[in-house]
Amino acid sequence: MEGTIFFLSQPNFYTFVFNPSLTKKQIMKKPLFLKLSSIACLSIISVFQINAQNSIGNSNFSDAAKAPRSISQIDCSTGWSNANEGTADFYHKNAKKCSKMGIPSNTAGSQEAFSGDGYAGIIAFFDDEALRSEGNKIVYSNGYNQYSEYITTQLSSPLQAGKKYAVKFRVSLAENSGRAINGLGSYFSKEMIASKSNSFIKATPQVKSSQVIKAIDKWTEISGNFTATGEEQYITIGLFNGVDKVERAVPIHVTNNKRAYYYIDGVEVMPSDFADRD
């Protein structure tokens, strides 16, 4: 295919054009093209500004040291790791189909990424109740009920004391979840959390969802604002201090899955004054 190739310059912006019929003179006379180029320029600048302000380096889990090959490989996502002895999962579009760790379809269900090429997955709560007999009755008895997974990463720089920050992250209940919960949150700390237990981490998250999140066909945003003390260098996401509300969400094809399993994507930590511009 033959045509005319141009680079049209505007301040700090270059537009690549390929069209077999247009000449440069014709293109330069089109005000709509120039308007669209200006809009595109502003959009690109806006994206760069947001990325520059966001304290989360790998906010959409696109950067991967390697593609995940099985469950429990959150460490394959650049910068992210487990915060306790639970083993969070990592899904990426480059994962082999046989691994069942790809996007959108994977071992936990099916969901497109909120943005980018990957996302994390955690068992926030496992309802390991058991059946037992009492005389002629079959009743439920509570089990351990404390297993919980978390993901954590270091911020690009420590938060500034006295400064207000806007926090957002998106979650989606996986189809293969038999439970749904409230209380998912984000906790900021000076030191990296590395609990030697697989149970709930005891901490007070600065941002927390009070609602039970049951949506499986979309991403639900959890957001809030807080004022930093100036010591925060790490963010940890998960269910802190135990479960408050649990609802059964037995999926059609899974009759007895007792997990509350959530995908996590689109993590943002930005100064509130910048976030308010959006």
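Residues numbered from 1 in each chain as written. Predicted model: local features only at pLDDT ≥ 70, side-chain atom pairs only at ≥ 80, totals over all residues. Heavy atoms only, no water.

Caption draft 1: The nonpolar core, seen in detail. I151, L184, Y262, I264 and V267 are the most contacted members of the largest nonpolar core, which totals 45 residues. If you list the elements that add at least two residues to this core, you get β7 (118–126), β11 (164–173), β12 (179–181), β13 (184–189), β15 (220–227), β16 (234–239) and β18 (259–271). Every residue in contact with I151, bar those within four places of it in the chain, is listed here: F61, I74, W80, S81, A88, A120, I122, I235, T236, I237 and I264. Counting residues in each nonpolar core, the second largest holds 13 residues, with Y91, A95, Y261 and Y263 among its members. (Core = buried A, V, L, I, M, F, W, Y, C linked by side-chain atoms within 4.5 Å. Buried < 20%, exposed > 50% of the residue type's maximum accessible area, 1.4 Å probe, protein only. Helix = DSSP H or I, 4+ residues; strand = E, 2+ residues; numbered from the N terminus. Contact = heavy atoms within 4.5 Å.)

Caption draft 2: Representation of the pairing of β16. β16 sits mainly inside the fold: 6 of its 6 residues count as buried. With 4 bridges joining them, strand β10 (residues 151–154) and β16 adopt antiparallel strand pairing. In the sheet register, T153 faces β16, and the bridge partner there is I235. The pairing of β13 with β16 spans 6 bridges and is classified as antiparallel. Each bridged residue has a counterpart across the sheet, and for S186 the counterpart in β16 is I237. (Pairing = 2+ DSSP bridges.)

Caption draft 3: Looking closely at the packing of aromatic side chains. Going through the model one piece at a time under the given rule, you end up with 10 aromatic pairs. Plain terms: the ring middles of Y91 and Y263 are 5.6 Å apart, the flat faces sit at 90° to each other, and that makes the pair edge-to-face. Of the two residues, Y91 sits in strand β4 (residues 89–92) while Y263 sits in strand β18, which places them 172 residues apart along the sequence. The exposure class of Y91 is buried, given its relative accessible area of 0%. Consider the rings of Y119 and Y263, whose centres lie 4.7 Å apart with planes at 55°: the pair is tilted. Taken as a pair, Y119 in strand β7 and Y263 in strand β18 lie far apart in primary sequence, 144 residues in all. Grouping aromatic residues by their ring pairs yields a cluster made of Y91, Y119, W219, Y261 and Y263. (Phe/Tyr/Trp six-rings, centres within 6.5 Å; stacked < 30°, edge-to-face > 60°.)

Caption draft 4: Structural context of the side chain of N106. Structurally, the position occupied by N106 is in strand β5 (residues 105–106). The exposure class assigned to N106 is buried, which follows from its relative accessible area of 11%. A polar atom in the side chain of N106 sits 3.0 Å from the side chain of Y119. In contact with N106, not counting residues within four places along its chain, are Y91, K100, M101, Y119 and Y263. (Polar contact = N/O pair within 3.5 Å; in protein donor to acceptor, adjacent residues only side chain to side chain.)

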